[in-house]
Each structure stands twice: as structure tokens, then as C-alpha cells.
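Notes for the structure review
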Amino acid sequence: MPTKNKIYLSSPHLGKNEQNYVSEAFATNWIAPLGPNITAFEDDIKTYLGSKNEVAVLSSGTAAIHLALDLIGVRKGDEVICQSFTFSASANPILYLGATPIFVDSEKETWNMSPELLEFAIKDRIKKGKKPKAIIAVHLYGMPYKADEIHAIASQYEIPIIEDSAEALGSMYKNQACGILSDFGIFSFNGNKIITTSAGGALITKTKNLKEKAVFLATQARDDAPHYQHSQIGYNYRMSNVLAGIGRGQMEVLNQRVLARRANYEFYKEGLAAFDNIEFLEEPTGFYSNRWLTCIKTDRYETRETLRLALLDDNIEARPLWKPLHKQPLFKDCLSFTNGTSEELFEKGLCLPSGSNLTKTDLNRILEILIPSLK
Ligand SMILES: *Cc1c(COP(=O)(O)O)cnc(C)c1O
């Protein structure tokens with residue numbers, strides 16, 4: 001029997017115009033990390049976010065976190081608080097700067113950073129004479145974190161926030177776009193995200209001055225001189241004008257992509273409503289998730305594995321939820337403030353295929369595998 005076509009967790013989904021913008025870059029010879037697609041893509045994002053914030057498009061979301069930490073002034077020996085339940089790219093840039101991550105666990109309502117544990121961690125570090133230099137909070141899987149609570153604590157202790165919105169373009173918190181809620185926001189346009197430039201990211205800043213500093217650092221930190229002169233460490237982090245062309249096309253379909261992903265979530269929720277051994281992550285009032293990935297929490301590890309392996313057997317990709325960073329070998333020596341939430345999610349949770357390009361046939365095929373495995 002021929003193997004069935006593979007269903008991916010989250011694959012790129014192009015619209016109509018990406019190639020036109022890319023062709024324009026070729027036709028005008030703007031094959032560089034500057035050009036009209038970059039400016040236009042930045043303007044499109046700015047308009048979408050509906051804010052006065054500034055946008056710098058970059059080579060990746062990871063690069064955006066790195067630059068945000070650098071702009072905040074994080075240096076060797078500093079401590080930075082980071083949500084533990086996330087992808088390693090949230091925390092790796094802390095290490096790039098020679099600083100130390102301190103991990104904070106999640107609460108159960110949004111699966112994101114627990115405000116109580118955050119405050120506990122800050123107090124603990126201050127008592128030890130190590131006031132954290134920054135906080136990286138994550139809107140994981142597109143679900144906004146409890147921004148009012150987290151930001152109130154951050155502002156009480158005067159610690160800047162980096163909002164990791166890599167997975168949350170199109171999500172809203174109390175009618176404001178995720179990515180503009182705090183001091184710095186970051187987005188990712190990697191191939192698996194809600195929209196993609198194949199690889200890419202963006203940094204959102206509050207002022208034009210900060211954006212200019214970010215672009216300066218992202219283009220090798222060249223001083224103003226006719227020759228190449230450098231007074232500080234620079235990076236090669238600017239986005240290519242070719243890839244920004246893909247981004248312009250993707251921005252035109254972003255709203256449709258959000259609706260399609262939200263429809264996937266509703267489809268699974270309805271289709272699996274009869275089973276009490278799985279739970280979905282509901283939106284609290286005022287929270288609007290782009291539902292980048294539909295995630296379920298099962299009653300136990302064995303159920304999760306039964307589902308995952310049954311899907312795999314049918315050539316369908318599904319993945320356990322993120323392994324908390326405080327359990328990763330890379331970060332084993334880092335201090336963490338935990339409450340068991342992320343460890344439980346990692347043990348029992350599963351991400352279901354969630355692409356905006358899934359067909360009704362695909363979705364039904366997935367459901368037909370899940371239902372008998374849950375009985
Ligand atoms: C994808 C992702 C990043 C990194 O973005 P890249 O563009 O892949 O570098 C950072 N944080 C989270 C939560 C992500 O999912």
C-alpha cells in the first residue's frame with residue numbers, strides 16, 4: 001500500500017503576491033540587505049500592529065531577541081529572567097551575551113509565565129544582590145501571557161520586558177496586538193510560523209532612536225566615516241530585500257491565516273468534545289490567540305504517546321509540547337523557579353497539525369486517527 005501523503009505540523013502557506021515582490025527585487029537588482037521591500041515590509045507590519053512603534057526586520061527572531069538584550073545593556077555576568085516553558089531560542093541569546101538565564105515556570109490558565117513566581121524570583125535575586133537586567137516573557141503557541149500582571153511586576157521593580165511574540169503575530173491582548181505591549185517585541189518569520197519569509201524576524205521598539213540603534217548594530221555597527229571604522233561589536237542581522245518581498249506578500253494574507261488556524265482549533269475541539277481525557281487551552285476573557293498550534297493536554301503520558309504514535313503511523317506529524325528549558329541539558333546549571341506546570345505539560349501535552357493550508361480531508365483524516373486512540 002502506498003504511504004499516505006504526509007501531513008505536517010505547520011508548513012509554509014504562500015499567497016498570490018509573494019513571487020511578484022521577489023521578482024521586483026530581481027528586476028531592480030535590489031538583492032541586498034536593504035531596499036524597497038524592506039521598507040515596505042516594515043511599514044506593513046507597523047500598520048498591522050496599529051501602533052506608533054517602530055519595526056526593524058532582521059535575519060531571524062533569535063537575532064531580534066539578541067539585539068533587544070544588547071540594547072537593554074545586558075552584559076557578561078548579568079542575570080536575565082526567561083519563561084521556562086518555551087523554545088530554546090528564547091533563552092540562547094542570553095548566553096550569547098555571556099549573561100545567565102534564570103527560569104520561571106508557567107501558570108495553568110495560559111501556560112505562560114506565572115506572575116507569582118516571577119515576583120518571587122525577582123525578590124530572591126534582589127536579596128542576593130543580583131537584580132535581573134531584563135525579563136523575557138513568551139506568548140507561547142500564540143496565547144498571550146498575563147500581560148497586566150507581568151508588566152505591573154516588571155514596572156514595580158523597573159525591569160524592562162522583552163515580549164517574545166515569535167509565535168503570536170496576529171494574537172491580541174485586550175484589543176492590543178501582541179508584540180507592542182511592552183518595551184521590546186520580537187516576531188519570527190521562520191518557515192513553521194504563522195507567516196514566513198523562509199527565515200526572518202522583526203524587532204519592535206518604542207522609539208525611532210532605538211530602531212536606528214538596532215539597525216546600526218544589525219549592520220556591523222559601522223561608525224560614521226568614509227572608511228570602515230568600528231567602536232563596538234556589530235552583527236550581520238539585517239533581513240535581505242529578497243526575503244522581505246516574501247514578507248510583503250504574506251502580510252496580505254495574515255488575517256486569513258489567523259482565521260484558518262483558529263478554525264483548526266475549533267474543528268479539533270468540536271470533533272473531540274466527547275472525550276474527557278483531553279483538555280484544550282481556552283482563551284481567558286480579553287485574550288485572543290492566533291492559535292498558531294492547537295495543543296491538547298491529555299490525562300497522562302501514555303495517552304499522549306498513544307495519540308502521537310498513531311498519528312505518526314499514518315504519516316501525520318504531531319509533537320510533544322516544548323520541553324521546559326530548566327529541564328534541558330544545556331541549561332542544567334541554571335537557577336529556576338518552578339511549580340510543576342511546564343513539566344506536567346511536557347509530559348502530557350501534544351501539538352496537533354495546525355497549518356493554515358490543511359484541507360477538510362486532512363483534518364478529517366487526523367480526527368479519524370485520534371478518536372479510536374482516545375476510546
Ligand atoms: C521560533 C521562535 C523563536 C526564534 O525565531 P527564529 O526566527 O526561528 O530565530 C523564538 N522564540 C520562540 C518562542 C519561537 O517559537
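Model, not experiment: these values are computed from the prediction.

**Examining the environment of Pro160**
For Pro160, the position within the fold is in the loop between helix H6 (147-156) and strand S5 (161-164). Sequence separation between Pro160 and Asp124 is 36 residues; the distance between their C-alpha atoms is 18 Å. For Pro160, the contacting residues outside a window of four places in its chain are Ile72, Lys133, Ala134, Ile135 and Asp183.

**Quick look at the site of the ligand**
As a matter of local geometry, the ligand sits amid 15 residues, with Gly61, Thr62, Glu167, Ser188 and Lys193 nearest to it. Within the side chain of Asn190, a nitrogen or oxygen atom sits 3.4 Å from an oxygen atom of the ligand. One of the side-chain N or O atoms of Lys193 is found 3.3 Å from an oxygen atom in the ligand. The protein chains hide 94% of the 380 Å² of surface that the ligand would expose on its own. For the shell around the ligand, the residue count by class is four nonpolar, eight polar and three charged.

**A few points about the sheet that holds strand S7 (residues 176-177)**
Across the sheet, three strands lie side by side as S7-S6-S11; this open sheet has antiparallel pairing. With partners counted over all chains shown, the strands left at the sheet margins are S7 and strand S11 (287-288), one partner each. Relative to S11, strand S6 (residues 172-173) is paired through two bridges, and the arrangement is antiparallel. Bridge pairing in S11 places Tyr173 opposite Phe287.

Conventions used here
- Residue numbers here run from 1 along each chain, matching the order of that chain's written sequence.
- In view of the model being predicted, local features appear only for residues whose pLDDT reaches at least 70, and side-chain atom pairs are presented and counted only at 80 or more, with totals across whole chains, interfaces and linings using the full set of residues.
- Here the side-chain values reflect all heavy atoms present in the structure, with hydrogen atoms and water set aside.
- Secondary structure elements are defined from DSSP: runs of H or I of at least 4 residues count as helices, runs of E of at least 2 residues count as strands, and each element is numbered from the N terminus.
- Whether two residues are in contact is decided by their heavy atoms, any of which lying within 4.5 Å being enough.
- Summary of the distance rule: residues count as near a molecule or strand when at least one heavy atom falls within 4 Å of that molecule or strand.
- Distance and chemistry together define a polar contact, namely a pair of N or O atoms within 3.5 Å, with one atom able to donate a hydrogen and the other to accept it when in protein, and with adjacent residues in sequence counting only for side-chain atoms on both sides.
- Working definition of accessibility: Shrake-Rupley area with a 1.4 Å probe, residue cover restricted to the visible protein chains.
- By the convention adopted, Pro, Cys, Tyr, Trp, Phe, Met, Ile, Leu, Val and Ala count as nonpolar, Lys, Arg, Asp and Glu as charged, and the other residues, Gly among them, as polar.
- Any two strands between which DSSP finds at least two bridges are classified as paired.

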